[in-house]
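Here is how the chains run, residue by residue.
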Amino acid sequence: MENQNNIEKIKTSTNEECEILFETMRENIKAQNKPKIGMFWYNPERKRLVGVRSTFAHDLSFNSKGRKTVSDLHHTVWNDVREEALANGSPDAIWNEEDYTQVPRGRIFQIKVPDSDAEYFEILVGKWIHDHPEVTRLILKSFNLDETDHAFIYSQHWDIGHGTSELFI
């Protein structure tokens, strides 16, 4: 009964308020294909990215080192991603893995070139990408990077079994 009373108290928006909301959404439509930065895991069984956390690159500022990415860390997100997949009944083997470093993963940064207006994107991955070259297309599409200056960069941190250094940051 209490919830019913709360529903009855919901305010109805005016036509003017609705128009303001729709104008905001129309502006957002124009930005949907802008490049994104973030992080992901790769599910080789389904050949798809999972646990993607991203934001439009233009929404964040460069840090003092000329880089930007989402603030999420793989080690803080994995349990939520895994628990949701298990709750949804996914039979995929990756969800049996409690250690986030045992699943292919990566991170996208935007880099500002010092003393220049130039910017580019780095897609950091481990050696696992050599076993799954199809993932490059998925990453570029998911993060809207097809039309950008970008490079796939190998870093040991994103190798299978590495990266627990995040726990000590």
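Just above, that's the structure.
Reference entry: report on the structure contained in this document. If you're wondering where the values come from, they're calculated on a predicted model, not measured in any experiment.

Calculation rules
- Residues numbered from 1 in each chain as written.
- Predicted model: local features only at pLDDT ≥ 70, side-chain atom pairs only at ≥ 80, totals over all residues.
- Heavy atoms only, no water.
- Helix = DSSP H or I, 4+ residues; strand = E, 2+ residues; numbered from the N terminus.
- Buried < 20%, exposed > 50% of the residue type's maximum accessible area, 1.4 Å probe, protein only.
- Contact = heavy atoms within 4.5 Å.
- Phe/Tyr/Trp six-rings, centres within 6.5 Å; stacked < 30°, edge-to-face > 60°.
- Lys NZ or Arg CZ within 6 Å of the ring centre and 35° of its normal.

With respect to the helices and strands, the residue Phe121 is situated in strand E5 (residues 119-125). The class for Phe121 is buried, based on a relative accessible area of 4%. Every residue in contact with Phe121, bar those within four places of it in the chain, is listed here: Pro35, Lys36, Ile37, Ala57, Ile108, Phe109, Gln110, Leu145, Thr148, Asp149, His150 and Ala151.

Moving on: the packing of aromatic side chains. Overall, the coordinates contain four aromatic pairs when judged by the stated rule. Considering the side-chain rings of Trp41 and Trp78, the 4.9 Å spacing of their centres and the 50 degrees angle between planes classify their relative orientation as tilted. Separated by 37 residues along the polypeptide, Trp41 in strand E1 (residues 36-43) and Trp78 in helix H3 (residues 74-87) bring together distant segments of the chain. Ring centres of Trp78 and Trp95 lie 5.4 Å apart, and the angle between their planes is 20 degrees; on these two criteria the pair is classed as stacked. Taken together, the positions of Trp78 in helix H3 and Trp95 in the loop between H3 and strand E4 (105-112) put the pair 17 residues apart, joining distant regions of the chain. In this pair, the class of Trp78 matches that of Trp95, namely buried. Grouping aromatic residues by their ring pairs yields a cluster made of Trp41, Trp78 and Trp95. In this structure, Arg67 is placed above the aromatic ring of Phe109, and the distance from its NZ or CZ to the ring centre is 5.6 Å. In this structure, Lys68 packs its charged tip against the face of Phe62, placed 4.3 Å from the ring centre.

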